[in-house]
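Close look at the chain arrangement
Chain residues, written in single-letter form:
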Amino acid sequence: MDPIAAAQALSEIGYLLRQNEKERFRAKAFSVAAWSIALQRPDVESLQRTESLTQIEGVGEGIARVLSDFVQTGQSRYLNRLREQMRQPARDDESELNFDDYQGDVHSHTNWSDGRATMLEMAQGAQALGYSYLGITDHSPRITVVHGLNAERLVAQAREMAEVQKQVDGVTLLQGIEVDILEDGALDLPDAVLEILDVVIASPHVKLRQEPAAMTERMLRAASHPHVDVIGHPTGRRPGSREGASYDFEAVFKEAAKHGTALEIDCDPARMDLSPEMARLAFECGCNFVVDADAHAPAEFAYVPMALWMGRRAGIPRERILNFRSVDELTMAFQ
Ligand SMILES: [Zn+2]
Ligand SMILES: [Zn+2]
């Protein structure tokens, strides 16, 4: 039994529980257990045999019972029951996505903005996972609380990146930005700055409850911007606590597909946005995707293996997910 499969089952349970506000704490416990397994990759079979699954950090008696069922049968009755209750049954057209083929993450933060680790620590974290690239995408100036980066600080960051690059063999560092989509759909940095970056992720962070027609215009403008490579966490929702933006999703996804702008599946358990249903719609609209951890510390890279089930559930084939491409193919797609 691959521990990542177990982590994904627990992650999906956490996701389903999160849809119900009353289950917030239980949801979080399942997500934490999934994260811990994705991070440490314990031998779940031998722990199950010796009835010691609770030795895994974050796994209490209740979660151990669910996990034990999954390890023994490859199925979780609890998960199946939740899927039924939430009317999200398993589909028969899920795709095959294997974390072993995942090449790198393009959305991560460092202590240049609100990350909790240095660029070197993040790069080493990516290296430890065998990634061949890592996008460093700190916030833009508008997000003042996290000290977002303006043009001047991006230049300074590029200098640090050149130094860090020398210390991490095998991982290509990509300099990017997570640029804020302003209320009218303009971006929080001038085109001349965006143009020189390797990765531009445009994300909605504020005024998410804008009236749908205005929100649609705002997102259409961002999706068609020539320098935008990815729309980050496209609704901004936080399941169980914040609903997220509502707009004409189909129109925006079609616009993104037309302009080669990828949509992000953000694997942070607090976000999990796009949801599998919405990702499915975007897939049908012709979009490409990135599946990212949005990591703010190296340990958070493990969000991707635990939440890869979302892309699988949405039926997205690996050809449509840019993280399964080599660094050369990726940067070509981002040109
Ligand atoms: Zn963001
Ligand atoms: Zn982010």
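Our structure's up above, just so we're on the same page.
Below is a summary of the structure that appears in this document.

Rules of the game
Residue numbering note: each chain is counted from 1, following its sequence as written. As a convention, the first chain written is A and the first ligand written is 1, with the rest following in written order. Side-chain atom pairs in this predicted model are given and counted only at pLDDT of 80 or more, local residue features only at pLDDT of at least 70, and totals for whole chains, interfaces and linings cover all residues. The basis for every side-chain value is the complete set of heavy atoms in the structure, and neither hydrogens nor water enter the calculation. By this definition, two strands are paired if DSSP reports at least two bridges between them. Per the convention used, a helix needs a DSSP run of H or I reaching at least four residues, while a strand needs a run of E reaching at least two, with both numbered from the N terminus. Each salt bridge in this description consists of a side-chain nitrogen of Lys or Arg and a carboxyl oxygen of Asp or Glu lying within 4 Å of one another. Per-residue accessibility, obtained with a 1.4 Å probe over protein chains only, is compared with the maximum for each type, and a residue is labelled buried under 20%, exposed over 50%, and partly exposed between these values. A donor here means any N, O or S atom no more than 2.8 Å from the metal (3.2 Å for Na, K and Ca); water is not included, so a site may seem to lack partners. Metal sites are grouped by the angles between bound donors: all angles between 85 and 135 degrees with four donors is tetrahedral, opposite donors over 155 degrees apart with the others between 65 and 115 is square planar for four donors and octahedral for six, and any other pattern is irregular. One less than the number of residues in a helix, times 1.5 Å, gives the span that helix is expected to have. Only heavy atoms enter the contact rule, under which two residues are in contact if any of them lie within 4.5 Å. A fitted line through C-alpha atoms serves as each axis, taken over the contacting stretch for helices, and the angle formed by two N-to-C directions is quoted from 0 to 180°. We call two directions roughly parallel when the angle between them is under 35 degrees, roughly antiparallel when it is over 145, roughly perpendicular when it lies between 65 and 115, and oblique otherwise. In a left-handed crossing the near helix is turned counterclockwise from the far helix by less than a right angle, and in a right-handed crossing that turn is clockwise. Under the grouping applied here, Gly and all other residues not named as nonpolar or charged are polar, the nonpolar ones being Ala, Val, Leu, Ile, Met, Phe, Trp, Tyr, Cys and Pro and the charged ones Asp, Glu, Lys and Arg.

**Notes on the sheet that holds strand β6 (residues 262-266)**
A sheet is described by the order of its strands in space; here seven strands give the open sequence β1-β2-β3-β4-β5-β6-β7, paired in parallel fashion. Because the sheet does not close on itself, it has two edges, and the strands there are β1 (104-105) and β7 (289-292). As defined by bridge partners, strand β5 (residues 230-231) adjoins β6 across two bridges and the pair is classed as parallel. When the bridges of β6 are listed, I231 appears paired with L263.

**Quick word on the pattern of salt bridges**
Per the counting criterion, the structure on display carries 18 salt bridges. Put simply, R83 and E12 hold a salt bridge, and the shortest N to O gap is 2.9 Å. Here E12 lies in helix α1 (residues 3-18) and R83 lies in helix α5 (residues 77-85), a separation of 71 residues in the sequence. The exposure class of E12 is buried, given its relative accessible area of 3%. Through salt bridges with shared partners, a single ionic network connects E12, R83, E94, R312 and R313.

**A word on the coordination of the zinc ion (ligand 2)**
For a metal bound by four donors in tetrahedral geometry, the ideal donor-metal-donor angle is 109.5 degrees, whereas six donors in octahedral geometry ideally sit at 90 or 180 degrees. For the zinc ion (ligand 2), every protein donor is listed as H107 (NE2), H109 (NE2), E178 (OE) and D294 (OD), and the spread of their distances is 2.1 to 2.2 Å. For the zinc ion (ligand 2), the four donor atoms are set out with angles of 83 to 171° between them, so the coordination reads as irregular. Each donor residue of the zinc ion (ligand 2) belongs to the same chain, with the gaps between them written as H-x1-H-x68-E-x115-D. The distance between the zinc ion (ligand 2) and the zinc ion (ligand 1) comes to 3.5 Å, with E178 serving as a donor to both metals. In this pair, the class of H107 matches that of H109, namely buried.

**Focus on unusual backbone geometry**
That bond from D273 to L274 is cis: its omega, 5°, falls within 30 degrees of zero. Relative to the helices and strands, L274 resides in the loop between β6 and α11 (276-284).

**A look at helix α2 (residues 24-40)**
For α2, built from 17 residues, the straight-helix expectation of 24 Å at 1.5 Å per residue is met to within 8% by its first-to-last C-alpha distance of 24 Å. Along α2, the positions that sit buried rather than exposed are A27, F30, S31, A33, A34, S36, I37 and A38. Packed against the buried residues of α2 are α1, α4 (61-73), α5 and α12 (303-307). In the stretch just after α2, R41 is the one whose phi turns positive, near 45°.

**Considering the coordination of the zinc ion (ligand 1)**
Protein coordination of the zinc ion (ligand 1) is provided by E178 (OE), H205 (NE2) and H233 (NE2), with donor distances spanning 2.1 to 2.2 Å. Here the donor residues for the zinc ion (ligand 1) map to a single chain with the spacing E-x26-H-x27-H.

**Notes on the packing of α1 against α2**
Viewed as axis vectors pointing N to C, α1 and α2 meet at an angle of 160°, and their least axial separation amounts to 8 Å. Regarding the angle of α1 to α2, the classification is roughly antiparallel. Between α1 and α2 lies a crossing whose hand is left-handed. Seen from α1, the contacting residues are P3, A7, L10, S11, I13, G14, L17 and R18; seen from α2, they are R26, A27, K28, F30, S31, A33, A34, I37 and A38. Classifying every residue of the contact of α1 with α2 by side-chain character gives 11 nonpolar, three polar and three charged.

This is a description of form; function is not addressed.
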